4 protein chains.
Amino acid sequence: MLIQLLENCSEEELEQIITQVSSLGYKPAPVKTQYGRYLICIGKAEFDIRTIGNMQGIRDIHIVADQSKLVSRLWKVHPTEIPVGDDMVISGNHFTLGMGPCSIESEEQVIQMIGFLKSNGVRLMRGGIFKPRSSPYSFRGLGIDGLKIFSAHCRANGIKIVTEVMQVSQIPEMHDYVDIFQVGTRNAQNYNLLDELGKVDKPVLLKRGMSSTLQEFLASAEYIFSNGNEKIILCERGIRGFEHAYRNILDLNAVPYLKEKSHLPVFVDPSHGVGIRRYVEPMALAGVMAGADGLLVEIHATPERAISDGDQSLNLAEASRFIRKVHDAVRFREALNA
Amino acid sequence: MLIQLLENCSEEELEQIITQVSSLGYKPAPVKTQYGRYLICIGKAEFDIRTIGNMQGIRDIHIVADQSKLVSRLWKVHPTEIPVGDDMVISGNHFTLGMGPCSIESEEQVIQMIGFLKSNGVRLMRGGIFKPRSSPYSFRGLGIDGLKIFSAHCRANGIKIVTEVMQVSQIPEMHDYVDIFQVGTRNAQNYNLLDELGKVDKPVLLKRGMSSTLQEFLASAEYIFSNGNEKIILCERGIRGFEHAYRNILDLNAVPYLKEKSHLPVFVDPSHGVGIRRYVEPMALAGVMAGADGLLVEIHATPERAISDGDQSLNLAEASRFIRKVHDAVRFREALNA
Amino acid sequence: MLIQLLENCSEEELEQIITQVSSLGYKPAPVKTQYGRYLICIGKAEFDIRTIGNMQGIRDIHIVADQSKLVSRLWKVHPTEIPVGDDMVISGNHFTLGMGPCSIESEEQVIQMIGFLKSNGVRLMRGGIFKPRSSPYSFRGLGIDGLKIFSAHCRANGIKIVTEVMQVSQIPEMHDYVDIFQVGTRNAQNYNLLDELGKVDKPVLLKRGMSSTLQEFLASAEYIFSNGNEKIILCERGIRGFEHAYRNILDLNAVPYLKEKSHLPVFVDPSHGVGIRRYVEPMALAGVMAGADGLLVEIHATPERAISDGDQSLNLAEASRFIRKVHDAVRFREALNA
Amino acid sequence: MLIQLLENCSEEELEQIITQVSSLGYKPAPVKTQYGRYLICIGKAEFDIRTIGNMQGIRDIHIVADQSKLVSRLWKVHPTEIPVGDDMVISGNHFTLGMGPCSIESEEQVIQMIGFLKSNGVRLMRGGIFKPRSSPYSFRGLGIDGLKIFSAHCRANGIKIVTEVMQVSQIPEMHDYVDIFQVGTRNAQNYNLLDELGKVDKPVLLKRGMSSTLQEFLASAEYIFSNGNEKIILCERGIRGFEHAYRNILDLNAVPYLKEKSHLPVFVDPSHGVGIRRYVEPMALAGVMAGADGLLVEIHATPERAISDGDQSLNLAEASRFIRKVHDAVRFREALNA
């Protein structure tokens, strides 16, 4: 059960509600976010809703049978709109294309990339500054100093930044320089990191763990939400399976599933999802038709010289064509479902 | 190495070529299909192609490094066109929609379904008459008598039939009543069945094994081709993995991969691929954008009363909308890539 | 529900029982095997057992909630004993070691192998005569003539044969020359083959499909049993997953699971299960401790020259040590559980 | 390439070696651990080893073709011995049994458990104080105060503690109260955590990620080692796959593989590996025979009332029998391989 509380619900009223639902056999957990106040009630009780329905301080009561409560569509049927700064919104009604290199490699690269994105109408740039690498001897990113340069150029050009945070201590360091915190697939169940990102008032793009079930994926989002941050974007990026002909298995089934079960926007990352440059475009277009609210795509001026993920990065000529096709596909989808 | 032989290559000339390639360290296997004659040469030799290039009886020589030779695009760059009877062609240039119930249940059903398909411009009907069921106590299909009725009505209405064959002894029984033999996912590596279907001059729609790698999938197609039948359609239908939120994991990555590696047409079966009725449409449209040459979709007049697979079957109202959307998507794709 | 019928239950009595259980909402399926008569009743009814409990012709009634009925341990608590000819029994009380080459390659090989097995006290020989190969150009086995020679030598030396049958038409051909029919992993859900093997009075060793769930595995065994053959041996041989450091993932969890859920004996095939020669011994011993009733192991006089599966075959020196260790482990296990 | 440096190698000598290997095309990374100094040289160069072989400061040079260098057995053929305090050693020659509850629930529980372990000769206790839970509303452990109590009782009784650390900030908090830091499956690729554990002089028990390949698993260990800590224990705990009849698929193939590829000790966790209480014993014994150097097993005085993982915990009577059997199996294994 999920109880929406009135904004002005007093501590005393909250106490009374907690006492009442506890007496009904529930374990209540109060949640306060940037947008509202909730009481999550875990338990298997079935009862006459009138016993709490008319208590002071309650805005609405929802029976939410799903394991994850706050991210469920059972209580919030309209898709969530996520503001990014003052001038960007991510949601089902505002398709978002995020592009950029796997790793930020240099200031020159940032400048060139921003030029490309601006002239192609792309307003969200991705780029790693802390890189999770399976070998300890690989390049681990430019770090916080790189981020500051990255950020300065983006701000000056009206471009938003999404970049991966890998540990709790990086959150305050990065906070003023990012627009969206990204949680990578290897940290999808790093609950301490999720807890802390729930205390920040910036959007979080949460990648699905490479072997996370969708229930686990939504539970990870619930961690963030229940700590106070409703601004969450889910991102399917390919799962692990027996087929090794490509880097991952892009599980597009997840898109209609997540859109139905949750009110959160759902992105697709075809670059990691297939991992082979020539297949990124068809898989991105497939993602759009499956219902994605946004795409995250790796591009690089010279993929063959990229420090990481060159095999799956589009070059700039490919990226231009790609952007046009994606926008056409989004428009086609809107017309089809009109 | 794959040697295309001239149609009029004499037995004597073939002998000489075999002797020559054997002396070069290859193991040669002659193949004769409805369309051509080939000599498949297995071996790791590298040699000066002039030593065989000018022999009598040879049309062309191709180095095919892929494990599967005849189905590879390394020797045949143009997509294969597969005639179905006199008046239908399956290929990259002729998108095909096949629809129908999981199981043929009755003559009434066949008549009703044909009426629906005709009025919606669908010319290929699917429908099981021998059903592979995981429990021996489940309905196993109407069998050959059902097929005869099914076939009579389809012929009378210009509808083609694709239906599953489960064992070698059914091939001659079914031959005169089907237009396309379907091999189901559980028989994807039933090599005896594949061998025998290679001796038939009817198209074979080969479903990917639920745990077949794409290399194994192409090898299964190679079995059919090397026995003499070039008319093969590959069909991605979902693979098995850890996620059990849906019936299978539709692996759309396979579509651009197979289109690139093979000259055979590639279908997608979103019904089995996701297994949940509400998600069939987005996954079908995603399949189109991934590059599919056709779709196989389960529909039923009353899905809630279907003997099998009701959960994943569209009803007729849904199916009408679906057909229109799929055709729109195919047109959109053509325009996008023009 | 599973009803054991009396051997002398008359047709009239059976009719009456069928009428009665049908009226209770069950769908009954009569089964006759070499050992007994059964009525499998599928349905969700709950009823007062007295309404059928005292009918003529009934030996016993069991509520079997498992999806697979006849192979379930819910009605038959004692492990099944499977006679192989007059002088061998396979069961939990008679550990069985089956060894031999992947493919039978020649008469000389058979003679040498039999010599080895006899002098090491191994009484069951494995060896493929029809080989399922993923490439159509690979060696496909010596075929039925090879089997006759193989069989003649084994008979003359008191060695039993287990070998793979790949299609229905091979069953009568092979029948007189094999002691145990093996169903390979690729045919684990070839239901027509399973049906026909249910009509034979020889044991069937059923390998788990490489992506079969255990429920599907037991359902495949149920196919054989429900067609009349109770002599079934289950064999875990490795499943498919994301780890490609070895050929398959030997799922030893399946052993205690299958032993608990079913009354059938359970074998382990460590050769395919790990696919790397050096790891076969530890995995075989692990299989014994997990509870296996037998092992199937590939050996070869000169693995490096084997036509197939040389990488996973023990040579004869290794095999001698291996046999001794396995017997020690079986004795240790007995002592431990005494 | 891995260069072992002399303990007294001067900074100047190190500089010269680095210059020399860099000029040969390698990227060198110096590593200093509690036991030695190394220079890891990444690159594909092949060269005449004499060009560096006689330089000052070098103890030995090893060509290590494996992706992970320091944890590889290619340079260190003898199994690593890991001291735990003054009076315990973990290694291939000292089989280790670690037992205890999933979560530490109370001081009473700790006292009772220690009593049980002491009287059964078990010297390593496991028990979670920070619990990673997929729902944010589940019990998350007693935290650091619980650890202090836990630790005090263990110290007083000569019992060592292994418990999970979930984030970098917990390392200094926990340091004085644990004997072995455990890294859980969800943090197996939390590289920041691994880096920091590399700077601590306490053993780290590293669980395999539920979808980590063995190459990724060894790379995670390499992170710890390359940061300075050689005291690493690998632990196979089950992987994720299509079979959901048990919690995980215990991949015992990993045991002989890891023992061959690495010099680190390998543990098995059958409790998580199968997740069903009745199967824990056979799978533990299987793990011993596969070659495990230790086991980690969940036990609980009243599993049916455990806060977490009760389904897979042995009760104390079962645990007593279990301990005896495991010791018998270890002795049997030693005799078998003597």
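Residues numbered from 1 in each chain as written. Chains lettered and ligands numbered in written order. Predicted model: local features only at pLDDT ≥ 70, side-chain atom pairs only at ≥ 80, totals over all residues. Heavy atoms only, no water.

Peer 1: What am I meant to see in helix α8 (residues 254–261) of chain D here?
Peer 2: By the burial criterion, the buried members of α8(D) are D:Ala254, D:Val255, D:Pro256, D:Tyr257 and D:Leu258. Against the buried residues of α8(D) lie α10 (277–290) of chain C together with α7 (214–226), β12 (232–236), β13 (266–268) and α10 (277–290) of chain D. (Buried < 20%, exposed > 50% of the residue type's maximum accessible area, 1.4 Å probe, protein only. Helix = DSSP H or I, 4+ residues; strand = E, 2+ residues; numbered from the N terminus. Contact = heavy atoms within 4.5 Å.)

Peer 1: It is not clear to me how the relation of the copies chain C and chain A should be interpreted in this structure. Could you clarify?
Peer 2: In this arrangement, two copies of a chain are superimposed by a rotation about an axis accompanied by a shift along the axis. Overlay of chain C on chain A (RMSD 0.0 Å): rotation 180°, translation along the axis 0.0 Å. Viewed as a symmetry operation, the transformation between the two copies matches a two-fold axis. Of the C-alpha atoms belonging to chain C, the one lying closest to the rotation axis is found on C:Phe242, 2.2 Å away. (Least-squares fit on C-alpha atoms with pLDDT ≥ 70 in both.)

Peer 1: Where do I start with the sheet that holds strand β4 (residues 58–62) of chain B in this structure?
Peer 2: What holds strands together in a sheet is hydrogen bonding between their backbones, with the strands either parallel or antiparallel. All names here are of chain B. Taken in spatial order, the four strands of this open sheet run β2-β3-β1-β4, and their pairing is antiparallel. Where the open sheet ends on each side, the last strands, each with one partner, are β2 (27–32) and β4. Within this sheet the neighbouring strands show an average axis-to-axis angle of 20°, counted without direction. Here four bridges tie strand β1 (residues 2–5) to strand β3 (residues 37–42), and the two strands are oriented antiparallel to one another. Note on β3: the bridge partner recorded for Leu5 is Arg37. (Pairing = 2+ DSSP bridges. Axes fitted to C-alpha atoms, helices over the stretch in contact; angles between N-to-C directions.)

Peer 1: I'm lost on the interface of chain B and chain A in this one. Help?
Peer 2: When the parts of a complex come together, some accessible area is lost, and that lost area is often used as the size of the interface. Taken together, the contacts link 40 residues of chain B with 40 residues of chain A. Across the contact surface, chain B and chain A share four salt bridges. Its salt-bridge partner being B:Glu243, residue A:Arg208 comes within 3.0 Å of it at the nearest N-O pair. Viewed at the interface, chain A and chain B are joined by 18 residue pairs in polar contact (both at pLDDT 80 or more). Of all the secondary-structure elements, those providing two or more residues to the side of chain B that touches chain A are α8 (254–261), α9 (270–274), α10 (277–290) and α11 (316–337) of chain B. The dominant element in the side of chain B that touches chain A, judged by the number of residues it contributes, is α10(B), at nine residues. (Salt bridge = Lys/Arg side-chain N within 4 Å of Asp/Glu carboxyl O. Polar contact = N/O pair within 3.5 Å; in protein donor to acceptor, adjacent residues only side chain to side chain.)

Peer 1: What's the story with the interface of chain C and chain A in this structure? I'm lost.
Peer 2: Facing the four residues of chain C at the interface are four residues of chain A. Of all residues in chain C, C:Arg240, C:Phe242 and C:His244 give up the largest surface area on contact with chain A, accounting jointly for 93% of the area buried on that side. At the boundary of chain C and chain A, one finds three residue pairs in polar contact (both at pLDDT 80 or more). (Buried area = accessible area lost by both parts, 1.4 Å probe.)

Peer 1: Got a minute to help me understand the packing of aromatic side chains in this structure?
Peer 2: The description of two aromatic rings rests on the distance between their centres and on the angle between their planes. Here the structure, examined in full by the defined rule, presents 22 aromatic pairs over all chains. With centroids separated by 5.7 Å and ring planes inclined at 75°, the aromatic side chains of B:Tyr38 and B:Phe225 adopt a geometry described as edge-to-face. Here B:Tyr38 is found in strand β3, whereas its partner B:Phe225 is found in helix α7 (residues 214–226), with 187 residues between them in sequence. Taking relative accessible area as the criterion, B:Tyr38 reaches 5% and is therefore assigned buried. On the numbers, 6.0 Å between centres and 85° between planes, the contact of C:Tyr257 with D:Tyr246 is edge-to-face. Remark: D:Tyr246 occurs in the loop between β12 and α8 and C:Tyr257 occurs in helix α8 (residues 254–261); the pair is interchain, linking two chains. With relative accessibility at 13%, the residue C:Tyr257 sits in the buried group. When its relative accessible area of 3% is taken as the criterion, D:Tyr246 is described as buried. (Phe/Tyr/Trp six-rings, centres within 6.5 Å; stacked < 30°, edge-to-face > 60°.)

Peer 1: Looking at this structure, how should I read the side chain of B:Glu236?
Peer 2: Residues and elements named next belong to chain B. Relative to the assigned elements, Glu236 resides in strand β12 (residues 232–236). Classification of Glu236 by relative accessible area gives buried; the value is 0%. A polar atom in the side chain of Glu236 sits 2.8 Å from the backbone nitrogen of Gly238. In this structure the side chain of Glu236 is engaged in a polar contact, spanning 2.9 Å, whose partner is the backbone nitrogen of Asp251. Excluding residues that lie within four positions of it along the chain, Glu236 makes contacts with Arg208, Ile249, Leu250, Asp251, Ala254, Phe267, Val268 and Asp269.

Peer 1: How should the pairing of β3(B) be read in this particular structure?
Peer 2: Each regular strand displays side chains that alternate between the two surfaces of the sheet. All names here are of chain B. Summarising burial for β3: five of the six residues are buried, a large majority. One ladder, built from six bridges, connects β2 with β3; its direction is antiparallel. Paired with Pro28 across the strands is Cys41, a residue of β3. Where β2 folds back on β3, the antiparallel hairpin that results is connected by four residues.

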